[in-house]
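# Commentary on secondary and tertiary structure
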Amino acid sequence: MAHRCPQEPQERETTGVYLSTVTSPVTAPPGGDPRRRRIALVSGNVVALGTVSLITDVSAEMVTAVLPLYLVLGLHVSPLAYGVVDGVYTGATAVLRLAGGFVADRFRSRKLVAGFGYTLSAVAKLGLLLAGRSVPAIGAVIAVDRLGKGVRTAPRDALITESTPPEALGRAFGVHRTMDSIGAFLGPLVALAVLAAAGESYDAVFVTSFCIAALAVVVLALFVRERPAAALERAAALEPASAPESAAALEPAAAPESAADKVSLKAAFGLLRDAPVRRLAAASCLLGLATIGDGFVYLMLQRREELSLVWFPMLAVGTSLAYLLLAAPLGILADRIGRLPVVLGGYTALGLAYLLLFGPVGGWPLLVLTLALHGLFYAATDGVLIALAGPVLPARLRTTGIAVVQTGQALAYLVSSVLFGLAWQAWGPQTASRAAAAGVAVVVVATLLLLRKRGPVR
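Values in this document were obtained by computation on a predicted structure and should not be read as measured data. (Residues numbered from 1 in each chain as written. Predicted model: local features only at pLDDT ≥ 70, side-chain atom pairs only at ≥ 80, totals over all residues. Heavy atoms only, no water.)

The next point concerns the overall build of the chain. Secondary structure summary: the chain contains 19 helices and 0 strands in total. The long-range fraction of contacts in the chain, counting pairs at least 24 apart against all pairs at least 6 apart in sequence, stands at 83%. (Helix = DSSP H or I, 4+ residues; strand = E, 2+ residues; numbered from the N terminus. Contact = heavy atoms within 4.5 Å.)

Here is the structure:
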């Protein structure tokens, strides 16, 4: 972890990664060239949060990389049953995403709520030691892990948003997601190394995963800083004047209420009365419906190419490699050309990946192209969608608003996974994957029309 820069703005470096205080996000120096804002990268708080996510993903991917293989090929569950498990794995956290977002806004404690979520996921790793080979027990432990993810995600993204000026959000989320994906890339490799060193002992993997997850909680506690409430009040007061083109095009929500007032449930539910927030929430639901689980993609690749089971975890590594290489460049591109085009381009790449699964290309070219497109999809959408939403949300309810967007995606993803599992079981994987590609095309057009309804969207 690098050292923090001095407090005075005039003493900061103007190139490279800014290791600033959380209350002093990246800005151009007084009298300096405004274009330097484009060159600068991100604040130290974003780097710290990215480090936490990197370490956490190493821990999480150690456990989850082989989950589809274990359930479908090891326990012989049906595609429909796997679709239900996969959907619940992501969608069941939806309510806690909202609860975590609301509590973080209500008590001005985003770091504390995020820390609780990270701690919950860390403790769940030890639960795997007690679950043994019981499928219900393993499912319960995984559910606890996902509950932790549901609690922490919105507060973490709100902390990133508050540590970054609006025009640099795509860059900040791109850097964070790059660090996050490095962890996802390393996780399966660490798991394989632990298995090899411990004589294929899965208990050793679980213990190592817990230790790594605990380290992430320590980094969060020591290095991540939360923006003071007074600074949030000033940001809320300046919001209408400082909103970027993207927010203006989406008709930013009504003038923010006094941040001195307690955030209430009425105010939280009232978010959806604002047209731009409502359109973003609807778009997130549509985009979630267009996404099938990663496990389905990897299972179809494994079946078509008859890959050895030893190589199956490496499919996730391929996606993560493409993701980590592309996340930061696509975040910067989103700030320059607009966030909506990058998001829709990512979903177009996803549709192409679905078509390739049973297309004319085979062998290693199929694996490389599919995993590259899959990683490009994540790099273009994961953080960029939140960067698109961040400036539209009022500062005092930003965590709740982000949770609304993420919850819409999670619930829609649950439905999509179940429907795809049913389609696979009824029609076979080839027809199901082509139907999924057609669904992506419809959703891309519908999202473009929805978010451009009242002017261009960045």
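Regions with low pLDDT carry predicted coordinates that are not meant to be interpreted in detail. Averaged over every residue, the pLDDT of the chain is 76; the share at 70 or more is 72%. Across the chain, element-level confidence peaks in helix α16 (residues 339-356) with a mean pLDDT of 93 and bottoms out in helix α11 (residues 245-249) with 37. Between residues 1-40, whose pLDDT stays under 50, and residues either more than four places distant or in other chains, the model counts 70 contacts. Throughout residues 238-261 the model reports pLDDT below 50, and contacts reaching past four residues in sequence, or to other chains, amount to 47 contacts. (pLDDT = per-residue confidence, 0-100.)

Attention shifts here to the packing of helix α13 (residues 275-289) against helix α19 (residues 429-451). Direction vectors running N to C along α13 and α19 enclose 175°, while the axes themselves pass 10 Å from each other. Our classification of the angle between α13 and α19 gives roughly antiparallel. Across from Arg279, Leu280, Ala282, Ala283, Leu286 and Leu287 in α13, the residues of α19 making contact are Val443, Ala446, Thr447, Leu450 and Leu451. Classifying every residue of the contact of α13 with α19 by side-chain character gives 9 nonpolar, 1 polar and 1 charged. (Axes fitted to C-alpha atoms, helices over the stretch in contact; angles between N-to-C directions. Parallel < 35°, antiparallel > 145°, perpendicular 65-115°, else oblique. Nonpolar A, V, L, I, M, F, W, Y, C, P; charged D, E, K, R; others polar.)

This part is about unusual backbone geometry. The phi dihedral of glutamate 306 falls on the positive side, at around 50°, and the residue is not glycine. Mapped onto the elements of the fold, glutamate 306 is located in the loop between α14 (294-305) and α15 (312-337).

For the rest of this paragraph, the subject is a nonpolar patch on the surface. Taken together, the side chains of Leu126, Leu129, Leu130 and Val207 present a nonpolar region at the surface, about 350 Å² in accessible area. Considering every element that reaches the nonpolar patch, the biggest residue donor is helix α6 (residues 110-131), with 3 residues. Among the secondary structure elements, leucine 129 is positioned in helix α6. Judged by relative accessible area, leucine 129 falls into the partly exposed class, the value being 31%. (Patch = residues over 30% accessible without salt bridge, like charges linked within 9 Å, V, L, I, M, F, W, Y side chains within 5 Å. Areas by Shrake-Rupley, 256 points an atom, 1.4 Å probe, with all protein chains shown as cover. Salt bridge = Lys/Arg side-chain N within 4 Å of Asp/Glu carboxyl O. Buried < 20%, exposed > 50% of the residue type's maximum accessible area, 1.4 Å probe, protein only.)

Looking now at the pattern of salt bridges. Tallied over the full model, the rule gives 7 salt bridges. Here aspartate 145 and lysine 125 are joined by a salt bridge, their closest N and O atoms 2.7 Å apart. Residue aspartate 145 is found in helix α7 (residues 135-162), and its partner lysine 125 is found in helix α6; the two are separated by 20 residues along the sequence. In terms of burial, aspartate 145 and lysine 125 fall into one category: buried. The structure contains a network of salt bridges with shared partners spanning Arg156, Asp157, Arg177 and Asp382.

Okay, the nonpolar core next. Within the largest apolar cluster, 95 residues are counted, with the highest numbers of intra-cluster contacts made by Ile292, Met300, Leu301, Leu315, Tyr347, Tyr354 and Phe420. By residue number, the principal contributor to this core is helix α17 (residues 363-389), which donates 14 residues. In this structure tyrosine 354 touches Ala290, Thr291, Ile292, Val297, Ser433, Ala436, Ala437 and Val440, once residues within four positions along its chain are discounted. By size, the runner-up hydrophobic cluster in this structure holds 8 residues, among which are Val63, Leu128, Ile142 and Phe206. (Core = buried A, V, L, I, M, F, W, Y, C linked by side-chain atoms within 4.5 Å.)

How two aromatic rings sit relative to each other is given by the distance of their centres and the angle of their planes. Tallying each qualifying case throughout the model produces 6 aromatic pairs. Ring plane angle 65° and centroid distance 4.9 Å describe the contact between phenylalanine 296 and phenylalanine 420, whose orientation is recorded as edge-to-face. Of this pair, phenylalanine 296 sits in helix α14 while phenylalanine 420 is found in helix α18 (residues 398-427), placing the two residues 124 residues apart along the sequence. Across the pair, phenylalanine 420 and phenylalanine 296 agree in class, each one buried. A centroid spacing of 6.1 Å and a plane angle of 25° characterise the contact between tyrosine 323 and tyrosine 378, whose relative ring orientation is stacked. Of this pair, tyrosine 323 sits in helix α15 while tyrosine 378 sits in helix α17; the two residues are 55 residues apart in sequence, bridging distant segments of the chain. (Phe/Tyr/Trp six-rings, centres within 6.5 Å; stacked < 30°, edge-to-face > 60°.)

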